[in-house]
Amino acid sequence: MVGGGTIGAWCAYFLRQAGLDQVIVLEKRTLGQGASSRAAGIVRTQGGTTWAVQLGEWSRRFYLSQAERLGIDSGFTAQGYVLPCFTEEDVDAARDRMAMQNALGLAVRWLEPAELDRLNPTLAPGLTRGGTYCAEDGYLAPPRNVTAYAVALAISGVEVREHTAFTGLDIRGGRVAGVQTSQGRIESPRVVLTGGPELAEVAGLAGIRVPAGGVRHQVAVTEPHPDLDPSRLPMVFDLSAGLYWRPEEKGLLFGMSNPDERPGPAAVRGR
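A quick note: this is a predicted structure, and the numbers were derived from the prediction, not measured.

Conventions and cut-offs
- Residues numbered from 1 in each chain as written.
- Predicted model: local features only at pLDDT ≥ 70, side-chain atom pairs only at ≥ 80, totals over all residues.
- Heavy atoms only, no water.
- Helix = DSSP H or I, 4+ residues; strand = E, 2+ residues; numbered from the N terminus.
- Rg over C-alpha atoms; globule rule 2.2 N^0.38 Å.
- Buried < 20%, exposed > 50% of the residue type's maximum accessible area, 1.4 Å probe, protein only.
- Contact = heavy atoms within 4.5 Å.
- Lys, Arg positive; Asp, Glu negative; His and termini not counted.
- Charge placed at Lys NZ, Arg CZ, Asp CG, Glu CD.
- Pairing = 2+ DSSP bridges.
- Axes fitted to C-alpha atoms, helices over the stretch in contact; angles between N-to-C directions.
- Polar contact = N/O pair within 3.5 Å; in protein donor to acceptor, adjacent residues only side chain to side chain.
- 1 Å grid on protein atoms, 1.4 Å probe; cavity = no way out; pocket = protein on both sides within 12 Å on 5 of 7 lines; lining within 4 Å.
- Points joined across faces, edges and corners; volume = space filled by probe spheres on them.
- Core = buried A, V, L, I, M, F, W, Y, C linked by side-chain atoms within 4.5 Å.
- Phe/Tyr/Trp six-rings, centres within 6.5 Å; stacked < 30°, edge-to-face > 60°.
- Lys NZ or Arg CZ within 6 Å of the ring centre and 35° of its normal.

S.K.: How would you summarise the overall build of the protein chain if you had to cite specific residues and measurements?
M.R.: When you go through the protein chain residue by residue, the secondary structure sums to 6 helices and 15 strands. A compact globule built from 271 residues should have a C-alpha radius of gyration of about 18 Å, and the protein chain, at 21 Å, falls within 12% of that. Along the three orthogonal principal directions, the C-alpha set of the protein chain runs to about 65 × 45 × 45 Å. Taking all 271 residues of the protein chain together, 39% fall into the buried category. In the protein chain, once contacts between residues fewer than 6 apart in sequence are set aside, the share between residues at least 24 apart is 67%. If you average the places of the 27 positive and of the 29 negative side-chain charges in the protein chain, the two averages end up 6 Å apart.

Okay, structure coming up:
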């Protein structure tokens, strides 16, 4: 397993659960040091495709089962998620998505404008044409998720090799025979490449082109305020603007990507 983030680490855990005798995770830094510990943590089942919906629902159920499975969890909170509509085109697309989601068993329902305003006091009233809502959607705590999968790897017997960079595949007779790393070769007939926003770079080392990349999200958290108590607020995602927000430490966490910023790695912190 190449990559010690959310995808790589949980995948390694499930491979062990599936019966593989030995699973090794290679991470060039430390577990979760990439995007995983800095994510917004939103777990949304209201996807736009059948595959996205099924993956989202599978993920939600897994996060709910973690405490029983592992004795630790990623801090999933079912907060509810509103996707507001601002144009008739938004409404048509949302109703089509909702029909598909309902057919797959999701408890997604339509909110008329007045009901959406009552449920979601973070928007000025009278702005929307309604929207979809799923009470079962929620969010997790990203640093706690890293802790959870570190524990899962340890108790399931996955070997973690941090500060070990993947440098290429070892191909023999047209088949994978192992991986080359900064700490030497490891024999393995199966290799899973992950890497989040760095997946294209990782795959390139293996001679594979993967059209994946990273876009920086600007994230801001407000000061706590009584009107922003989590009991009063759902999460919200404005699809047209790419802007989302959710409760965080009795304030709001806002996130979006600047459409004028070129994709690529960057990190800026401030208060």
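S.K.: A description of the sheet that holds strand β4 (residues 81–84) should follow, citing residues and the corresponding values.
M.R.: If you walk across this open sheet you meet the 7 strands as β5-β6-β4-β13-β14-β15-β12, and the pairing is mixed. The open sheet is flanked by β5 (108–111) and β12 (217–221), the only strands paired with a single partner. Adjacent strand axes in the sheet meet at a mean angle of 20°, parallel and antiparallel pairs treated alike. Sheet topology note: the β12/strand β15 (residues 251–257) ladder contains 5 bridges and is antiparallel. Counterpart to glutamine 218 in the pairing with β15 is methionine 256. Across the sheet, helix α3 (residues 88–103) is in contact with β4, β5 and β6 (131–134); its angle to β5 comes to roughly 155°.

S.K.: Could you give an account of the side chain of threonine 45, with specific residues and numbers?
M.R.: If you trace the backbone, threonine 45 turns up in the loop between β2 (42–43) and α2 (50–70). Classification of threonine 45 as buried rests on a relative accessible area of 1%. In terms of polar contacts, threonine 45 uses its side chain to reach the side chain of aspartate 137, at 2.6 Å.

S.K.: Tell me about the environment of glycine 32, and please be specific about residues and values.
M.R.: Mapped onto the elements, glycine 32 comes out in the loop between β1 (24–27) and β2. Residue glycine 32 is classed as buried on the basis of its relative accessible area of 5%. With 111 residues separating them in the primary sequence, glycine 32 and proline 143 have C-alpha atoms 8.0 Å apart. Apart from the residues lying within four places of it in its own chain, the contact partners of glycine 32 are Gly4, Ser37, Val146 and Tyr149.

S.K.: Provide a residue-level description of the layout of surface pockets, including the pertinent values.
M.R.: In this model, the second largest pocket occupies a volume close to 390 Å³. In terms of lining, the second largest pocket is formed by 16 residues, of which the most central are Gln22, Val23, Ile24, Ser188 and Arg190.

S.K.: Tell me what's going on with the nonpolar core, and back it up with residues and numbers.
M.R.: Within the largest apolar cluster, 20 residues are counted, with the highest numbers of intra-cluster contacts made by Trp10, Ala12, Tyr13, Tyr63, Tyr149, Leu153 and Val158. Of all the secondary-structure elements, those providing two or more residues to this core are α1 (6–17), α2 and α5 (142–156). Broken down by element, this core gets its largest block of residues, 5 residues, from α5. In this structure tryptophan 10 touches Gly5, Phe62, Gln66, Leu70, Ser74, Asn145, Ala148, Tyr149 and Ala152, once residues within four positions along its chain are discounted. In this structure, Leu123, Tyr133, Val236 and Trp245 belong to the second largest nonpolar core, which totals 10 residues.

S.K.: Describe in detail the packing of aromatic side chains, supporting the description with residues and values.
M.R.: For the coordinates displayed, the defined rule picks out 11 aromatic pairs. Measuring from centroid to centroid gives 4.9 Å for tryptophan 10 and phenylalanine 62, while their planes differ by 80°, and the two rings are edge-to-face. Remark: phenylalanine 62 occurs in helix α2 and tryptophan 10 occurs in helix α1; sequence separation between them is 52 residues. Grouping residues by exposure puts tryptophan 10 and phenylalanine 62 together as buried. Three or more aromatic residues link up through ring pairs in this structure, and these residues are Trp10, Tyr13, Phe14, Trp58, Phe62, Tyr63 and Tyr149. We note arginine 95 situated over the ring of tryptophan 110; from NZ or CZ to the ring centre the distance is 4.2 Å.

S.K.: Can you lay out the environment of tyrosine 81 for me, pointing to particular residues and giving the numbers?
M.R.: Along the polypeptide, tyrosine 81 turns up in strand β4. The exposure class assigned to tyrosine 81 is buried, which follows from its relative accessible area of 2%. Along the backbone, tyrosine 81 and glycine 213 are 132 residues apart, and their C-alpha atoms lie at a distance of 26 Å. Sequence-distant contacts of tyrosine 81, defined by excluding residues within four places in its chain, comprise Ile42, Arg44, Gln46, Thr132, Tyr133, Cys134, Asp137, Met235, Val236, Phe237 and Tyr244.

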